[in-house]
Amino acid sequence: MSPHESHHQSAVHSHAHGHGPATPVSRHLRKVIAAVLIPFATAVAVGLVVLWPGGAPSHKPSGVGFDQPTEQARVIKVAEVNCADVHAEQQPQPPSPTGQPPTGGASKGKPCQQATIKVTTGENAGRTFQTVVTPDALRHYTTGQDVVVAYSPKAPKDLQYSVSDVDRSLPMWVLAGIFALAVVIVGRLRGVLALVALAASFVVLTLFILPAILQGSNPLLVAVIGGSAIMLIALYLCHGLTARTSVAVLGTLASLLLIGLLGSVFINWALLTGNTDDTTGLVHGLYPDIEIRGLLLAGIIIGSLGVLDDVTVTQTAAVWELKEADQAAGWRKLYGAAMRIGRDHIASVVNTLVLAYAGAALPLLLLFSIAQSSVGTVATSEVVAEEIIRTLVGSIGLVAAVPLTTLLAALVVSADRKGLGGQESNGGAGAGQGPGADTGAGVAAGAPTGTAEGRPSRRGGRGKRRKQ
């Protein structure tokens with residue numbers, strides 16, 4: 001075996017044991033990609049430092065709605081009482097216009113429940129109070145059940161505490177544990193990295209995005225910087241610091257910019273205020289400096305980010321795998337084949353978005369249906385129009401992400417292969433015949449360009465060496 005052939009064998013061997021597919025890009029092309037992404041990542045880091053809020057602003061609870069201090073409590077006794085004795089007798093309901101019997105008739109004559117609640121946390125731990133549950137109430141209590149109580153310090157002593165919710169910590173922690181276990185079992189190391197990325201996303205959301213908005217920073221700017229940070233952390237942590245991941249990052253970034261532009265144009269054109277529910281109104285009342293319209297646009301960007309990651313990573317991976325399967329394919333052939341995959345992806349993702357928003361707004365849609373409003377009236381009302389614009393803007397961004405990312409990936413993976421000639425077309429077959437080689441990418445990416453000179457086919461040359 002000549003020294004030239006020995007060098008080729010070692011190149012194949014060195015790339016055959018890499019973790020995952022070899023990156024089929026040269027150092028020069030990696031520098032070009034880095035020249036785009038490094039300034040972007042630097043700008044995101046600078047934005048995080050400049051806008052870092054240092055925690056949520058101090059705030060004295062108003063006692064209205066969600067803005068109440070809460071404590072943990074436990075039901076220590078539940079007794080049946082006469083509803084009239086506790087002034088909770090159900091009022092008679094007038095008959096409905098359609099002639100249907102009044103609601104609540106089935107519970108007439110049934111006893112009420114009087115639950116004794118003991119506060120277990122806070123400065124008044126140990127205090128007890130009672131609450132009455134009517135027969136037609138959706139929530140009933142059992143002895144030993146943990147609940148959450150709201151505290152109103154300005155109210156009379158007997159009325160300072162009231163049950164606001166039940167404690168769901170245990171079932172939610174169990175479900176989260178099952179989810180994490182399933183991800184790790186199926187995804188293995190990649191699943192562990194995905195969980196770490198999920199935790200990092202939660203940290204960015206709770207320590208930067210939410211406090212920065214409360215501090216008065218522009219919600220759109222905060223969402224762009226925070227969302228970009230989440231994107232960089234999640235993609236590179238889960239998929240590695242590779243050129244393929246960088247292409248997915250560029251595709252995601254371009255689609256996010258399109259979503260931000262379209263969202264801004266149509267939110268202003270449709271005269272949406274963003275103040276369509278009690279929660280938003282309460283936030284605006286407590287923090288008048290928050291730009292509610294910008295908050296709406298920020299929600300659209302952050303909400304679209306997760307699905308965008310899925311689309312761009314999938315399309316980039318499809319192009320890379322198609323190139324590995326056919327080393328001679330040009331960018332047009334790769335683009336056409338990957339777009340056939342992308343069109344199926346578009347159909348499923350858009351349907352997922354629409355159904356997700358429709359499911360979230362289902363009670364609202366039922367109210368409009370009960371009121372027998374026309375489709376046009378329902379669709380153009382602000383509360384529904386907000387969801388429609390949110391869905392359509394996000395869907396346009398997702399649809400655009402497929403051809404953008406696919407084209408970028410096809411150009412990158414093809415431009416780096418020009419001039420390799422026979423090495424490109426035959427390298428995959430030759431490399432795959434060794435016992436340690438899993439794909440032909442190692443030869444195409446790692447072997448020097450001149451190793452193929454003087455030999456029309458690497459497969460034929462290797463066959464001659466076996467015969468010798």
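Note: the structure precedes this text.
As the structure is a computational prediction, the values presented were derived from the model and not from experiment. (Residues numbered from 1 in each chain as written. Predicted model: local features only at pLDDT ≥ 70, side-chain atom pairs only at ≥ 80, totals over all residues. Heavy atoms only, no water.)

1. So, the overall build of the protein
Of the regular secondary structure elements, the protein holds 14 helices and five strands. Out of the 468 residues in the protein, the part that is buried amounts to 36%. Sequence-distant contacts, at least 24 apart, represent 73% of the contacts inside the protein between residues at least 6 apart. Per element, the accessible surface of the protein, about 26100 Å² overall, is 63% carbon and sulfur. (Helix = DSSP H or I, 4+ residues; strand = E, 2+ residues; numbered from the N terminus. Buried < 20%, exposed > 50% of the residue type's maximum accessible area, 1.4 Å probe, protein only. Contact = heavy atoms within 4.5 Å. Areas by Shrake-Rupley, 256 points an atom, 1.4 Å probe, with all protein chains shown as cover.)

2. Here's the deal with the state of the cysteines
Two cysteines, two sulfur atoms, one covalent bond between them: this is a disulfide. Going through the model one piece at a time under the given rule, you end up with one disulfide. Two residues, cysteine 83 and cysteine 112, share a disulfide whose sulfurs are 1.8 Å apart. Because the sign of the S-S torsion sets the handedness, a value of about 110° for the bond joining cysteine 83 and cysteine 112 places this disulfide among the right-handed ones. Highlighted residues: cysteine 83 in the loop between strand E1 (70-81) and strand E2 (112-119) and cysteine 112 in strand E2, separated in sequence by 29 residues. (Disulfide = S-S within 2.5 Å.)

3. Some thoughts on the layout of surface pockets
Roughly 600 Å³ of internal volume is contained in the largest pocket. Forming the boundary of the largest pocket are 20 residues, of which Ala194, Ala197, Ala234, Cys238 and Asp309 lie nearest the centre. Mapped onto the lining of the largest pocket, the elements with two or more residues apiece are helix H3 (169-214), helix H4 (219-239) and helix H7 (292-325). (1 Å grid on protein atoms, 1.4 Å probe; cavity = no way out; pocket = protein on both sides within 12 Å on 5 of 7 lines; lining within 4 Å. Points joined across faces, edges and corners; volume = space filled by probe spheres on them.)

4. Looking at H3
Look at H3: only 27 Å from first C-alpha to last across 46 residues, short of the 68 Å you get at 1.5 Å a residue. At glycine 187, H3 shows its largest bend, some 135°. Gly191, Ala197, Ala200, Ser201, Val204, Phe208, Ile209, Pro211, Ala212 and Ile213 are the residues of H3 that are buried. Of the residues trailing H3, glycine 216 is marked for its positive phi of about 105°. (Expected span 1.5 Å × (residues − 1). Bend = angle between axes of the 7 residues up to and from the residue.)

5. Considering the pattern of salt bridges
As enumerated under the stated definition, the model contains six salt bridges in all. A salt bridge links arginine 168 to aspartate 165; the nearest nitrogen and oxygen atoms lie 2.9 Å apart. Accessibility expressed as a relative area gives 38% for arginine 168, which makes it partly exposed. One salt-bridge network, in which partners are shared between bridges, spans Arg139, Asp165 and Arg168. (Salt bridge = Lys/Arg side-chain N within 4 Å of Asp/Glu carboxyl O.)

6. Describing the environment of threonine 131
Mapped onto the elements of the fold, threonine 131 is located in strand E3 (residues 128-133). Each C-alpha atom of the pair threonine 131 and glutamine 114 lies 5.8 Å from the other, and the pair is 17 residues apart in sequence. Setting aside residues no more than four positions away along its own chain, threonine 131 makes contact with Gln113, Gln114, Ala115, Ile117, Tyr141 and Val163.

7. Some points on the side chain of serine 255
Structurally, serine 255 can be placed in helix H5 (residues 243-269). By relative accessible area, which is 0% here, serine 255 ends up buried. Not counting the four nearest positions on each side in its chain, serine 255 is found in contact with Leu308, Gly397, Ala400, Ala401 and Leu404.

8. Some points on the pairing of E2
E2 sits mainly inside the fold: six of its eight residues count as buried. Relative to E2, E1 runs antiparallel, the two sharing eight bridges. The residue of E2 that forms the bridge with lysine 77 is threonine 116. Relative to E3, E2 is paired through six bridges, and the arrangement is antiparallel. The residue bridging lysine 118 from the neighbouring strand is threonine 128, located in E3. (Pairing = 2+ DSSP bridges.)

9. A word on unusual backbone geometry
Even without glycine at this site, arginine 188 takes up a positive phi of about 55°. For arginine 188, the location among the structural elements is in helix H3. Positive phi outside glycine occurs at leucine 271, with the angle close to 55°. Mapped onto the elements, leucine 271 comes out in the loop between H5 and helix H6 (278-286).

10. As for helix H11 (residues 382-415)
Its 34 residues give H11 an end-to-end C-alpha distance of 48 Å, which sits within 8% of 50 Å, the value for a rise of 1.5 Å per residue. Taking the largest bend as the criterion, H11 deviates by roughly 25°, centred on alanine 401, and proline proline 403 comes between one and four positions later.

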